[in-house]
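Structure at a glance
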Amino acid sequence: MLITNIKGLVGLHPKDKLVLRGSEMNDLHVLENAWLLMEDGFIKDFGKMSEIPSSILHLPSTSVSGKYVFPSWCDSHTHIVFAASREEEFALKIQGKTYEEIAAAGGGILNSAAKLQNATEDELFESASIRLNQMILLGTGAIEIKSGYGLTVESEIKMLRVIKKLKNAFPIPIKATFLAAHAYPAAFKEDHQGYIDLIINKMLPQIAVEKLADYIDVFCEKGFFSVEETDQILKAGAQYGLKPKIHANQLSVSGAVEIAVKNKAISVDHLEETNEETIDSLQNSNTIATLLPSCSFYLGIPFANAKGIIDADVSVALATDFNPGSTPSGNMNFVVSLGCIKLKMQPEQAINAATLNGAAAMEISKEYGSIAIGKRANLFVTTPMPSIAYLPYSFGEMQIETIILNGEIFNG
Ligand code: NIG
Ligand code: FE
């Protein structure tokens, strides 16, 4: 497939550039008035229209004048396998109840777990497929999906099997993260070590046998899992080759980031609450700070200090956090807009964070997240736009016209 007359080909980072740190995020590397050739699912070549080789001029081509071509969004933090929405909590939130209050009253994660325990694998696969299809149509071309609404051996495994089925059914890369340490089930409210033992001795070995997870996650937060408990779980995960990607500093500064960095986490996610020490601990590490501004937007909690984190030369990724409780939306376009409007990221920084750095936060940036010869042809073509900044500027509007996955148009 040959695309010609592209107004701007966006995200042309060198193929060996696997992650962008700090000020490296300022440049998007755009080629204006370009062509792009794809073959067998990969990017074969690209260049300026004025220099298009005569050898490819005979190929069937699509002209996209006025439109941009972007690498697909890489959404590195989601919880899209769930049994039911939770809009009943929406009303409570509007009345002023906090996330913690709703959780403490039996809402929140435990509410989702009760519903998921009663759902079949087929039902969960069906509803997650609908969500994922919708997200792909919104430009997402790679995704991470977490367990964490099972909270029993059987149901955590059930969730991970659903994610495995999604991996086989969809034409995009999917990474699975094991998040049994999402909340203490009621039966273990007074017996934390009992639940941790279940994770370590029952769940992890079975997950390893069935190869059901790529990463391990813990919701490290007051009222959920302590720093010490997090450390214990991450170390157990490492025994099975699962690297950490954890929920850190969402509701308070807790020491979660520091313990994740010590355990060589791929990413620390949320970071709505940070101080100087948090940022210092990230500065000399390769851990990516994954920010989830649509969670802040929906819960009405602070927005992460993206500028402080980027100024400290840390890599920032943006992701949706799609889940029924804190972020009932999987729209990366809105996340990129919020990255600019609320996190005060420049459009170039936000787009890099949602593409190459998102791919890096799933360890797939060798193949995804930017436009380079030899990388997978997962991209989207925009509507005619005056500039790249127009995409995040026109928040809530749909500027994506065509989705291309593995070099082929995807219609859903
Ligand atoms: O990332 N904070 C923990 N987990 C999810 C919310 C889960 C839920 O409320 O169901 C999050 O925001
Ligand atoms: Fe989350």
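Position numbers for residues count from 1 along each chain, tracking the sequence in the order it is written. Chains and ligands are labelled by the order in which they are written, letters from A for the one and numbers from 1 for the other. Local features in this predicted model are restricted to residues whose pLDDT is 70 or higher, and side-chain atom pairs enter the listing and the counts only when it is 80 or higher, whereas totals over whole chains, interfaces and linings include all residues. Side-chain numbers here rest on the full set of heavy atoms in the structure, without hydrogens or water.

1. Quick word on the coordination of the iron ion (ligand 2)
- Distances up to 2.8 Å from the metal define which N, O and S atoms are donors, and 3.2 Å serves for Na, K and Ca; water is absent from the atom set, so sites may look incomplete. Each protein donor to the iron ion (ligand 2) is listed here as His77 (NE2), His79 (NE2), His247 (NE2) and Asp321 (OD); together their distances run 2.1 to 2.2 Å.
- Of note, the donors binding the iron ion (ligand 2) are all from one chain and are spaced H-x1-H-x167-H-x73-D. His79 matches His77 in its accessibility class, with the two residues each being buried. When accessible area is computed with a 1.4 Å probe and restricted to protein chains, residues below 20% of their type maximum are described as buried, those above 50% as exposed, and intermediate ones as partly exposed.

2. Description of the side chain of Thr290
- Assignment of secondary structure puts Thr290 in strand β12 (residues 288-291).
- We classify Thr290 as buried; its relative accessible area is 0%. Secondary structure is summarised from DSSP: a helix means a run of H or I of at least four residues, a strand means a run of E of at least two, and numbering begins at the N terminus for each.

3. Some points on the sheet that holds strand β8 (residues 174-181)
- The pairing criterion for strands is at least two bridges between them, as found by DSSP. Ordered by their spatial adjacency, eight strands build an open sheet running β6-β7-β8-β9-β10-β11-β12-β13, and the pairing between neighbours is parallel. Looking at which strands have only one partner, the edges of the open sheet turn out to be β6 (73-75) and β13 (316-318). Put simply, the sheet's adjacent strands are angled 25° from each other on average, direction ignored.
- The pairing of strand β10 (residues 243-248) with strand β11 (residues 267-270) spans four bridges and is classified as parallel. What sits directly across from Lys245, in β11, is Ser267.
- Packing of helix α5 (residues 153-169) onto the sheet brings it into contact with β7 (140-146) and β8, and relative to β8 it is tilted by some 175°.
- Whether two residues touch is decided by their heavy atoms; if any such pair falls within 4.5 Å, the residues are in contact. Axes here mean lines fitted to C-alpha atoms, for a helix over just the part in contact, with angles spanning 0 to 180 degrees between N-to-C directions. Relative to strand β9 (residues 215-220), helix α7 (residues 227-239) is tilted by about 175°, and along the sheet it contacts β8, β9 and β10.

4. Some points on the pattern of salt bridges
- Only one rule defines a salt bridge in this text: a Lys or Arg side-chain nitrogen within 4 Å of an Asp or Glu carboxyl oxygen. In this structure the tally under the stated criterion is 15 salt bridges.
- As a salt-bridge pair, Lys17 and Glu24 come within 2.9 Å of each other at their nearest N and O atoms.
- Take Glu24: its relative accessible area is 33%, and that puts it in the partly exposed class.
- Lys165 is paired through a salt bridge with Glu121; the nearest N and O atoms lie 3.5 Å apart. Of this pair, Lys165 sits in helix α5 while Glu121 sits in helix α4 (residues 121-137), and the two are 44 residues apart along the sequence.
- We classify Lys165 as partly exposed; its relative accessible area is 33%.
- Taken together, the salt bridges that share partners define one network made up of Glu121, Asp122 and Lys165.

5. Side note on the site of ligand 1
- Around ligand 1, the surrounding shell holds 15 residues, and the nearest of these are Tyr99, Tyr149, His182, Gln250 and Ser326.
- The contact in question runs from an oxygen atom of ligand 1 to an N or O atom on the side chain of Tyr149, over 2.6 Å.
- Computed by Shrake-Rupley with a 1.4 Å probe, the accessible areas treat only the displayed protein chains as cover when residues are assessed. Alone, ligand 1 offers 330 Å² of accessible surface; in the complex the protein occludes 100% of this.
- Note on residue categories: nonpolar means Ala, Val, Leu, Ile, Met, Phe, Trp, Tyr, Cys or Pro, charged means Asp, Glu, Lys or Arg, and polar means any other residue, Gly included. Classifying every residue of the shell around ligand 1 gives four nonpolar, nine polar and two charged. The cutoff for a nearby residue is simple: one of its non-hydrogen atoms must lie within 4 Å of the molecule or strand. Pairing of N or O atoms within 3.5 Å defines a polar contact, subject to two protein rules: one partner must be a possible hydrogen donor and the other a possible acceptor, and residues neighboring in sequence count only if both atoms are side-chain atoms.

6. Structural notes on empty space enclosed by the protein
- The way it works is a 1 Å grid over only the protein atoms, where trapped points that fit a 1.4 Å probe form a cavity and open points with protein on both sides within 12 Å along at least five of seven lines form a pocket, and then any residue with an atom within 4 Å of a point lines it. Grid points are joined across faces, edges and corners, and a volume is the space filled by probe spheres set on the points. Tallied over the full model, the rule gives three cavities of 30 Å³ or more.
- Its volume calculated, the largest cavity comes out at about 100 Å³.
- Along its surface, the largest cavity is lined by 14 residues, and His79, Tyr99, His182, Asn323 and Ser326 are the ones closest to its centre.
- Of the residues assigned to the lining of the largest cavity, the class counts are four nonpolar, eight polar and two charged.

7. Some thoughts on the environment of Ala304
- Within the secondary structure, Ala304 is located in the loop between α10 (293-299) and α11 (306-311).
- Residue classification places Ala304 among the buried residues on the basis of a relative accessible area of 9%.
- Taking the C-alpha atoms as reference points, Ala304 and Glu273, 31 residues apart in sequence, are found 6.6 Å from one another.
- The contact partners of Ala304, leaving out residues within four places of it in the chain, are His270, Leu271, Glu272, Leu291 and Leu343.

8. Some remarks on the state of the cysteines
- In what follows, a disulfide is any cysteine sulfur pair within 2.5 Å. Applying the stated rule across the entire model yields zero disulfides.
- A disulfide-free cysteine, Cys74 has its sulfur positioned 17 Å from the sulfur of Cys340, the nearest such atom.
- Looking at Cys74, the relative accessible area reads 1%, which means it is buried.

9. Things to note about the domain arrangement of the protein chain
- Annotation of the protein chain at the domain level lists domain 1 (2-71 + 369-410) and domain 2 (74-360).
- For every domain, the bounds stem from an assignment made automatically or drawn from a database. Taking only C-alpha atoms into account, the centre of domain 1 sits 30 Å from that of domain 2.
- The interface of domain 1 with domain 2 comprises 31 residues on the first partner and 38 residues on the second.
- Simply put, the buried area is the total loss of 1.4 Å probe accessible area from both parts when two parts are fitted together. Between domain 1 and domain 2 lies a buried interface of about 2,600 Å² when both sides are counted; carbon and sulfur atoms form 64% of it.
- Across the domain 1-domain 2 interface, the total number found is zero salt bridges.
- Seen at the junction of domain 1 and domain 2, the total is 15 residue pairs in polar contact (both at pLDDT 80 or more).
- Mapped onto the side of domain 1 that touches domain 2, the elements with two or more residues apiece are β5 (67-71), α15 (390-393) and β15 (400-405).
- Taken together, the residues of the side of domain 1 that touches domain 2 break down into 18 nonpolar, eight polar and five charged.

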